[in-house]
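If you want the building blocks of each chain, they are given just below.
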Amino acid sequence: MVSQLSPLPDGPVTVAGWVETVRDQKKVQFVILRDESGAVQLVNPATRDLEDDATPEQQAAAALTETIGTLAHGTMVRVTGELKHDERVKLGGLEVKVGTLEVVSEAIAETPIAEDSSLDKRLDWRFLDLRRPEANLLFRVQTTFEHALRSYWVERDYIEVHTPKLMASASESRAELFEMEYFETKAYLAQSPQFFKQMAQPAGFGKVFEIAPAFRADPSFTSRHATEFTSIDAEISWIDSHEDVMAMQEQALVAAFTAVVEKHGAAIEAAFEVSLSVPSLPFPRIPLAEARQIVADGGYEIPRTDGDLDPEGERRLSAWVKANHGHDFVFVTDYATGIRPFYHMRREGDGSITNSYDLLYNGTEISTGAQREHRVDVLIEQAKEKGIEPEELEFYLDFFRYGVPPHGGFGMGLARVLMLMLGLGSIRETTYLFRGPTRLLP
Ligand code: AMO
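This one's a predicted model, so the numbers in the text were calculated from it and none came from an experiment.

Under the 1.5 Å per step criterion, the end-to-end length of helix H6 (residues 242-272) is only 35 Å for 31 residues, more than 12% shorter than the ideal 45 Å. Along H6, the helix axis deviates most sharply at histidine 264, where the bend reaches about 75 degrees. At the N-terminal boundary of H6, the capping side chain belongs to serine 241, with an oxygen 3.0 Å from the backbone nitrogen of glutamate 243. Following H6 by one or two positions, glutamate 273 has its phi on the positive side, about 55 degrees.

Looking now at the nonpolar core. Ranked by size, the top nonpolar core spans 52 residues in total, and within it Phe145, Trp153 and Met421 carry the most contacts. Listing elements by their share of this core, those giving two or more residues are helix H4 (133-155), strand S10 (207-215), strand S11 (228-237), H6, strand S13 (329-333), strand S16 (356-361), strand S18 (407-413) and helix H11 (414-421). In terms of residues, this core owes the most to one element, H6, which gives 11 residues. Within the second largest apolar cluster, 19 residues are counted, among which are Val31, Leu64, Val77 and Val79.

Take the site of the ligand next. As a matter of local geometry, the ligand sits amid 21 residues, with Gln194, Lys197, Glu365, Thr368 and Arg372 nearest to it. Side-chain polar atom of glutamate 172 to a nitrogen atom of the ligand: 2.9 Å apart, as the coordinates give it. The protein chains hide 92% of the 620 Å² of surface that the ligand would expose on its own. The set of elements that each furnish at least two residues to the shell around the ligand consists of helix H5 (194-199), strand S17 (364-371) and S18. For the shell around the ligand, the class distribution of residues is 6 nonpolar, 8 polar and 7 charged.

A few words now on a negative patch on the surface. A grouping of Asp49, Glu51, Asp52 and Asp53 is seen on the molecular surface, where their side chains present a negatively charged patch. Positionally, aspartate 53 belongs in the loop between strand S3 (38-45) and helix H1 (56-69).

Calculation criteria
Counting restarts for each chain, with residues numbered from 1 along the sequence as it is written. Where local features are concerned, this predicted model is filtered to residues with pLDDT of at least 70; where side-chain atom pairs are given and counted, the filter is 80 or more; whole-chain, interface and lining totals use all residues. Hydrogens and waters are ignored; side-chain quantities use all the structure's heavy atoms. We count a stretch as a helix when DSSP gives it H or I for four or more residues in a row; a strand needs E for two or more, and each element gets its number in order from the N terminus. A helix is expected to reach a length of 1.5 Å times the quantity of its residues less one. Bend angle per residue: angle between axes fitted to the 7 residues ending at that residue and the 7 residues starting there. The definition of a polar contact used here is a pair of N or O atoms within 3.5 Å, where within protein one atom must be able to donate a hydrogen and the other to accept one, and adjacent residues in sequence count solely through side-chain atom pairs. By nonpolar core is meant a set of buried Ala, Val, Leu, Ile, Met, Phe, Trp, Tyr and Cys residues that side-chain atoms within 4.5 Å join together. The buried label applies to any residue whose accessible area, calculated with a 1.4 Å probe on protein chains only, is under 20% of its type's maximum; exposed applies above 50%, and partly exposed to all values in between. What makes a residue near a molecule or strand is one non-hydrogen atom of that residue sitting within 4 Å of it. The protein chains shown are the only cover counted for residues, whose accessible areas, like all others here, come from Shrake-Rupley with a 1.4 Å probe. Under the grouping applied here, Gly and all other residues not named as nonpolar or charged are polar, the nonpolar ones being Ala, Val, Leu, Ile, Met, Phe, Trp, Tyr, Cys and Pro and the charged ones Asp, Glu, Lys and Arg. Like-charged residues within 9 Å of one another, or nonpolar side chains (Val, Leu, Ile, Met, Phe, Trp, Tyr) within 5 Å, are grouped into patches, provided each residue has over 30% relative accessible area and no salt bridge. The salt bridge definition used is simple: a Lys or Arg side-chain nitrogen within 4 Å of an Asp or Glu carboxyl oxygen. All tallies of charge rest on Lys and Arg as positive and Asp and Glu as negative; His and the ends of each chain are not included. Here the site of a charge means atom NZ of a Lys, CZ of an Arg, CG of an Asp or CD of a Glu.

Note that every value here comes from positions in space, so none of it alone points to a role or purpose.
Shown next as structure tokens:
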């Protein structure tokens, strides 16, 4: 690894990676060699125009010069040479004088993408796009973030579940359902592990989490929607209200942000010009009606008629929270029954409000959570009210007929968290391979 060269003393080394650039001057050649850990300058005194009586060494040197002169960007090479520490060298004060250079895998000379290529073009060539150091860092941040969440839950005795992604029914809006032939019947791709993470509660699992794909047949092309995304879900038993779910989620996020800041804070600042800090506890909480008023007072009329915030409303609310509470996160609570799914528990004494919330981060929704309705008769009524025939959901309703503790949980989009954490413009950047209405390749 290139990064392992630095502490080595001057002397013989072997290093491998891909060619970033070649500067082929008359008397000397410079190659920038990169791997995922960094870049190093290779140097080779050029040997050209040999006399007829050239020695075998001179012929080998001329062959090396010719090889280096034809190296295309991206070519994979293995090099042996002499390492020299020299402060004048820009890339980390290191230089390797080439002894031998083996071309391990040639690259086509014309690279299909450049720094100024459109995002769509870069996604066409995602494996080349991912060679950018910032992209590599991004997925290291993702690894740390996910790992820290897993650790947080595992240390607290959660069980990790893997729910099926082939389903017999919708769990969220039917408008966003992928339907497929399934032998003699139809199947649907899971929009969320919702039903099956809830199933863990009557199963006596108590606390579960899952990090897995979710699918939405959403034809939108916004910067925050994908047709397949990684959903981080958790569900816990014996809660008093959604407040317990929010408390668990904010603590898990603080643990994950702490890990990311500790491990990558400086690199994130250098690559993305974002000074990431660990959010303070508790995150602010604002009921939806109040949130709408704050946005209205700020001079923005939310065009949606269903009572929810729209993306501009979310941005404005977050800006207000930042200015007034100094916080990047805000829980918007108390969503109206009309804009929530049938399985959300409604407020005791006020059926127009649910025990639910959305979590906004840097201006965008990253998560939805709620206490679930666990009383089967109430659940059936709420399903009917939303136009869902209880017969379609018998398997789910059965979960609530044999004893079930009060419970709740949340779902959170991984790519959205990363996009907002690193100040990037789209989840297309923060998804390893993005899937949208017009993208199934690569
Ligand atoms: P919801 O539908 O709000 O809730 O989804 C939860 C979170 O998942 C992410 N998300 C998406 N990310 C990318 N592309 C999409 N098309 C997309 N749709 C959703 C968002 C969103 O906040 N079952 C509930 C969760 C629960 O109550 O536990 C649910 O799925 O970050």
